[in-house]
Amino acid sequence: MKRANFDTWCGYDIEHLFAAGVQATVGFVRDSAHAERNDVLERLLDEAGEPHVSEEDLAEWAQRERSRFPADPAAEDPLRWVQRAKLMGEGELARRWLDRWAAGRQRDKSTLSQLRYQLADLGAFAEAAKAQRESIQFADNPWDSASAWQSLAQLERQAGGHRAAWEALRACRRALDGVAGWTAVGLGRMYVEELFLLAGSADAELADVVFAEADRQARQVPGLPLVVLQAAAEAAGKIGNQARAEHYLKLRDAEQRRIDVEMSRARS
């Protein structure tokens, strides 16, 4: 399995090869007359001829594997059951397992991050937004703060809380003031995209206000990607601003042509 393909070569734990014991495995291969003996030894040993894994490393790895794959299903991590239930399309079952996992846990940064992700993946956007709002307290620098507010805005929008999303985006913009060169990084583009997405989904009065801000901020951010330009064109069309819709459609089409040229060069 380890040598089957590139993915297994890189990702399949080398400890599996030493499952019989480090010295026992190396000794067995050295004594072998198999045609691939030398290739296997090359994988087992480093440049100094020592095994890549020690007996202590192997014991620790085996313990981790036992904790991940316990003999008793009741001892499984509830999050693993959440994932399995989602794979089966059993959203209600996944939610019950998630609630079981969260019950009594300290609501620290790690717990809230996991809750936000899992709840959003289950479509419970309002509850995911609540967890995200609670986690903002752990943002200890302007970048993390801006990112946290942007994520909250997205979740609030998906939950239909457009006013709350707008307030989160305003907080995001204030945090961005502390991020040097924010207009030239992905976080800045995500902020502008979320503004346009909110403008495209909010009610008429709020949509006008948000679009005006999105349009203003977009002028400061160069190199807006195709997806942002599409969102901008759709938002402008929704509020009936035909001039700005045509402006963003032209930018979108120009960006699409640029991408097509670059892809053509890459293929040739």
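Residues numbered from 1 in each chain as written. Predicted model: local features only at pLDDT ≥ 70, side-chain atom pairs only at ≥ 80, totals over all residues. Heavy atoms only, no water.

Caption draft 1: Spatial organisation of the packing of helix α11 (residues 186-199) against helix α12 (residues 204-218). Between α11 and α12, whose axes approach to 8 Å, the crossing angle comes to 155°. Judged by the angle between their axes, α11 and α12 are roughly antiparallel. As α11 runs across α12, the sense of the crossing is left-handed. Here Y191, V192, L195, F196, L198 and A199 of α11 come into contact with α12, specifically with A207, V210, F211, E213, A214, D215, Q217 and A218. (Axes fitted to C-alpha atoms, helices over the stretch in contact; angles between N-to-C directions. Helix = DSSP H or I, 4+ residues; strand = E, 2+ residues; numbered from the N terminus. Parallel < 35°, antiparallel > 145°, perpendicular 65-115°, else oblique. Left-handed = near helix turned anticlockwise from the far one by under 90°. Contact = heavy atoms within 4.5 Å.)

Caption draft 2: Representation of the packing of aromatic side chains. Taken as a whole and assessed by the stated rule, the structure comprises four aromatic pairs. The interplanar angle of 70° and the centroid separation of 5.4 Å between the aromatic rings of F196 and Y248 together place this pair among those described as edge-to-face. Placement of F196 in helix α11 and of Y248 in helix α14 (residues 242-267) is noted, with a sequence separation of 52 residues between them. With relative accessibility at 1%, the residue F196 sits in the buried group. Joined through ring pairs, the aromatic side chains of F196, F211 and Y248 make up one cluster. (Phe/Tyr/Trp six-rings, centres within 6.5 Å; stacked < 30°, edge-to-face > 60°. Buried < 20%, exposed > 50% of the residue type's maximum accessible area, 1.4 Å probe, protein only.)

Caption draft 3: Examining the pattern of salt bridges more closely. The tally for this structure, following the rule as stated, stands at 19 salt bridges. Across the pair E65 and R68 runs a salt bridge whose closest N-O atoms are separated by 3.2 Å. Of this pair, E65 and R68 both sit in helix α4 (residues 55-68), separated by three residues, roughly a single helical turn. Among the residues examined, E65 registers a relative accessible area of 15% and is labelled buried. The closest approach of N and O atoms between R95 and D99, which form a salt bridge, is 2.9 Å. With a gap of four residues between them, R95 and D99 both fall in helix α6 (residues 91-102), about one helical turn apart. Each member of the salt-bridge network shares a partner with another, and the members are R3, E36 and D39. (Salt bridge = Lys/Arg side-chain N within 4 Å of Asp/Glu carboxyl O.)

Caption draft 4: Seen up close, α11. When the terminal C-alpha atoms of α11 are compared, their 20 Å separation across 14 residues agrees well with the 20 Å that a helix rising 1.5 Å per residue should span. For α11, the buried fraction is high: ten of the 14 residues fall into the buried class. Along α11, the positions that sit buried rather than exposed are L187, G188, Y191, V192, E193, E194, L195, F196, L198 and A199. Packing partners of the buried residues in α11 comprise α9 (142-159), α10 (162-176), α12, α13 (226-239) and α14. (Expected span 1.5 Å × (residues − 1).)

Caption draft 5: Inspection of the nonpolar core at higher detail. L176, Y191, V192, F196 and Y248 are the most contacted members of the largest nonpolar core, which has 55 residues in total. When residues no more than four places from it in sequence are discounted, the contact partners of L176 are A146, W182, L187 and Y191. Residues V22, V29, L44 and L58 belong to the second largest nonpolar core, which totals eleven residues. (Core = buried A, V, L, I, M, F, W, Y, C linked by side-chain atoms within 4.5 Å.)

Caption draft 6: A look at helix α2 (residues 22-30). When we look at burial in α2, the residues that qualify are V22, T25, V26 and V29. One face of α2 carries all of its buried residues, which in axial projection span an arc of 95°. More than 90 degrees from the buried face of α2, the exposed residues found are Q23 and F28. (Arc of directions from axis to C-beta.)

Caption draft 7: Examining the side chain of Q132 more closely. Topologically, Q132 is positioned in helix α8 (residues 125-135). In contact with Q132, other than residues within four places in its own chain, are R116, A148, S151, L152 and L155.

Caption draft 8: Region of the structure containing the environment of A245. Structurally, A245 is set in helix α14. Judged by relative accessible area, A245 falls into the buried class, the value being 5%. Note: C-alpha distance between A245 and P222 (23 residues apart in sequence) is 18 Å. Among all residues touching A245, those that are not within four sequence positions of it are A233, A236 and G237.

Caption draft 9: View of the side chain of H162. With respect to the helices and strands, the residue H162 is situated in helix α10. Every residue in contact with H162, bar those within four places of it in the chain, is listed here: E156, R157, L198, S201, A202, D203 and L206.

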